[in-house]
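Commentary on secondary and tertiary structure
One-letter residues, chain by chain:
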Amino acid sequence: MTPVEIDAVGRIYGLTWPTPIRHWGRPWLRMLFWAARHVPLVSAPLRRMAMVRGAYWTILTHVPDGEGHRRRLRRPVLFFEASFDVDLYRYIEVFAEAIRWRFRFLWGSGVGYPGVLPAEGFLAWVHENRANPSHYWCAYPDSTTHMVGSALRVAEQLSDFDAKVAALDDKAFAAAFDRLLTATAKEL
Amino acid sequence: MAVEMFASLVPVRRDQEKGLRAVLDGLGTSDQSPFAAVPGTHVARLAVIRRVGAAAARDRRLHTALLSFSALVDGPVEDWLGSLPAACGAAGDAVWNHCAGWPGPEPADAFARWLLDFRLPMHTCIIAHEKTSVGEVTTAIEQRKLLLRLAVAARGLDDGELRRAYNEAFGSLATVAI
């Protein structure tokens, strides 16, 4: 296994992971992705966990050859890239536990797929295939996706508060501020 | 406005992989990154890909190295791509000129079209807070910090002082409309 660089910026981790898949995996994954796009229930658990800032999957059969053409790959490749809140081991562990069957459906056609659990085997497989990062930048690297969600909810409450307190005297303002802190305590 | 994901695999010019890696290694992080100057950028990633599959499998080596370039941006993506050359400046040019077919920084729409030619179609894409711009996110993060600080400081203040402290903290900061 090649040495793995830490793929993170601040609190945000990243992964660029092109994985060759077996030929039967292509129609299977297309069907799965179609379901993910059209049946919200399929991707709902992933969204609900709120650990992923951004992620995409695409199946590659051809890549640019640098001479103005595209060259067919020996095997189709499932290209996955993501930005998320926890280190890769924890990411795999959490998702393999929470959405184990979806994980199997998704990665089961990958060449060398070792099974979802234990996470160590899966992690080693990811490391064998991943691309080391060259540059990774985030506009707000110290805030996880979860923290951004909290901040947006605080901002919304603050906006409501700000609109309501202009006409209040200092005493009523202090009482309203107290209520604001109670309402946002969980988010702070 | 919607946050959009852009992803591409751009071919690296023959014999330029090493040079590209050196340029990428030299890109600064934090405010020194060329992407720090590109408005509407949430996240940007660059990775050089030389093979697909396990390192031990020799037949997985690509014909030419590919630069994986992806970003989470305030849409539309086409406008964001158009702003890249001017905003990234020489640091960006130093990256792209290692790539095949780079049209140069001008005109900006030619640059955008060149990158769009290598755009990856996404089968599934997940974006958190997909209706919130970079500005709204960073403002909200700052407001959360200020409110937390004020919550701690408020303990020792009378009603009038609290109001003044609030106005001082939030008076110059536009509250976010979500």
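Now for a look at the structure at hand. Not measured: the values here are computed from a predicted model.

Attention shifts here to the overall build of chain B. Along chain B, the regular secondary structure elements total five helices and four strands. Taking 2.2 N^0.38 as the reference for a compact globule, 178 residues should give roughly 16 Å; the C-alpha atoms of chain B span a radius of gyration of 21 Å, well beyond that estimate. Dimensions of chain B, computed from the C-alpha atoms along their principal axes, are close to 70 × 40 × 35 Å. Of all 178 residues assigned to chain B, the portion counted as buried reaches 51%. In chain B, once contacts between residues fewer than 6 apart in sequence are set aside, the share between residues at least 24 apart is 73%. The positive charge centre, built from 19 side chains, and the negative charge centre, built from 20, are 11 Å apart in chain B.

Further remarks concern the interface of chain A and chain B. With 78 residues of chain A in contact, the opposing surface of chain B contributes 72 residues. Where chain A abuts chain B, roughly 6400 Å² becomes buried across the two surfaces, and 63% of that area is made up of carbon and sulfur atoms. If you look at where chain A meets chain B, you find four salt bridges. Glu67(A) is the partner of Arg14(B) in a salt bridge, and the nearest nitrogen-oxygen pair spans 3.2 Å. Across the chain A-chain B interface, the total number found is 30 residue pairs in polar contact (both at pLDDT 80 or more). Looking at which element gives the most residues to the side of chain A that touches chain B, the answer is helix 6 (residues 145-165) of chain A, with 15 residues. Classifying every residue of the side of chain A that touches chain B gives 42 nonpolar, 16 polar and 20 charged. By the bridge criterion, four bridges tie strand 3 (residues 52-64) of chain A to strand 4 (residues 124-127) of chain B in an arrangement that is antiparallel. Bridging from a neighbouring strand, Tyr56(A) pairs with Cys125(B) of strand 4 of chain B.

As a further point, take the packing of aromatic side chains. Counting across every chain of the model gives 30 aromatic pairs over all chains. Arranged with centres 5.5 Å apart and planes meeting at 85°, the rings of Trp17(A) and Trp125(A) form a pair that is edge-to-face. Placement of Trp17(A) in strand 2 (residues 12-20) and of Trp125(A) in helix 5 (residues 119-129) is noted, with a sequence separation of 108 residues between them. Residue classification places Trp17(A) among the buried residues on the basis of a relative accessible area of 2%. Here the aromatic rings of Phe80(A) and Trp107(A) are separated by 5.5 Å at their centres, their planes lie at 70°, and the arrangement is edge-to-face. On the criterion of sequence distance, the pair formed by Phe80(A) in strand 4 (residues 70-84) and Trp107(A) in helix 4 (residues 100-107) is long-range, its members being 27 residues apart. Taking relative accessible area as the criterion, Phe80(A) reaches 2% and is therefore assigned buried. Take Trp107(A): its relative accessible area is 3%, and that puts it in the buried class. Among the aromatic residues, those joined into a cluster by ring pairs are Trp17(A), Phe33(A), Trp57(A), Phe80(A), Phe103(A), Trp107(A), Tyr113(A), Phe122(A) and Trp125(A). The ring centre of Trp101(A) lies 4.8 Å from the NZ or CZ of Arg104(A), which sits over that ring. Here Arg45(B) stacks its cationic end above the ring of Tyr136(A), 4.4 Å away from the centre of that ring.

Attention now moves to the sheet that holds strand 5 (residues 135-138) of chain A. Overall, antiparallel pairing links the four strands, which are arranged 5(A)-2(B)-3(B)-1(B) in an open sheet. The sheet is open, and its two edges are formed by strand 5 of chain A together with strand 1 (3-11) of chain B, each paired on a single side. Between one strand axis and the next, the sheet turns by 10° as a mean value, whatever way the strands run. Packed on one face of the sheet, helix 1 (residues 17-26) of chain B meets strand 2 (41-51) and strand 3 (61-74) of chain B and runs near 150° to strand 2 of chain B.

With that settled, consider empty space enclosed by the protein. Tallied over the entire structure, the rule returns five cavities of 30 Å³ or more. Roughly 310 Å³ of internal volume is contained in the largest cavity. If you trace the largest cavity, you find 22 residues lining it, with Leu46(A), Trp57(A), Ile99(A), Arg102(A) and Leu106(A) closest to the centre. Elements supplying a minimum of two residues to the lining of the largest cavity: strand 2, helix 1 (25-38), helix 2 (40-48), helix 3 (88-98) and helix 4 of chain A together with strand 4 of chain B.

For an α-helix the count is 3.6 residues per turn, leaving residues at separations of three or four pointing the same way. Residues and elements named next belong to chain A. Within helix 3, the full set of buried residues consists of Leu-88, Tyr-91, Ile-92, Val-94, Phe-95 and Ala-96. In the core, the buried residues of helix 3 are packed alongside strand 2, helix 2, strand 3, strand 4, helix 4 and helix 5. Of the residues that open helix 3, the one with a side-chain oxygen 3.0 Å from the backbone nitrogen of Tyr-89 is Asp-87.

So, how was this worked out
- Residues numbered from 1 in each chain as written.
- Chains lettered and ligands numbered in written order.
- Predicted model: local features only at pLDDT ≥ 70, side-chain atom pairs only at ≥ 80, totals over all residues.
- Heavy atoms only, no water.
- Helix = DSSP H or I, 4+ residues; strand = E, 2+ residues; numbered from the N terminus.
- Rg over C-alpha atoms; globule rule 2.2 N^0.38 Å.
- Buried < 20%, exposed > 50% of the residue type's maximum accessible area, 1.4 Å probe, protein only.
- Contact = heavy atoms within 4.5 Å.
- Lys, Arg positive; Asp, Glu negative; His and termini not counted.
- Charge placed at Lys NZ, Arg CZ, Asp CG, Glu CD.
- Buried area = accessible area lost by both parts, 1.4 Å probe.
- Salt bridge = Lys/Arg side-chain N within 4 Å of Asp/Glu carboxyl O.
- Polar contact = N/O pair within 3.5 Å; in protein donor to acceptor, adjacent residues only side chain to side chain.
- Nonpolar A, V, L, I, M, F, W, Y, C, P; charged D, E, K, R; others polar.
- Pairing = 2+ DSSP bridges.
- Phe/Tyr/Trp six-rings, centres within 6.5 Å; stacked < 30°, edge-to-face > 60°.
- Lys NZ or Arg CZ within 6 Å of the ring centre and 35° of its normal.
- Axes fitted to C-alpha atoms, helices over the stretch in contact; angles between N-to-C directions.
- 1 Å grid on protein atoms, 1.4 Å probe; cavity = no way out; pocket = protein on both sides within 12 Å on 5 of 7 lines; lining within 4 Å.
- Points joined across faces, edges and corners; volume = space filled by probe spheres on them.

By themselves, these are just geometric observations and shouldn't be taken as functional.
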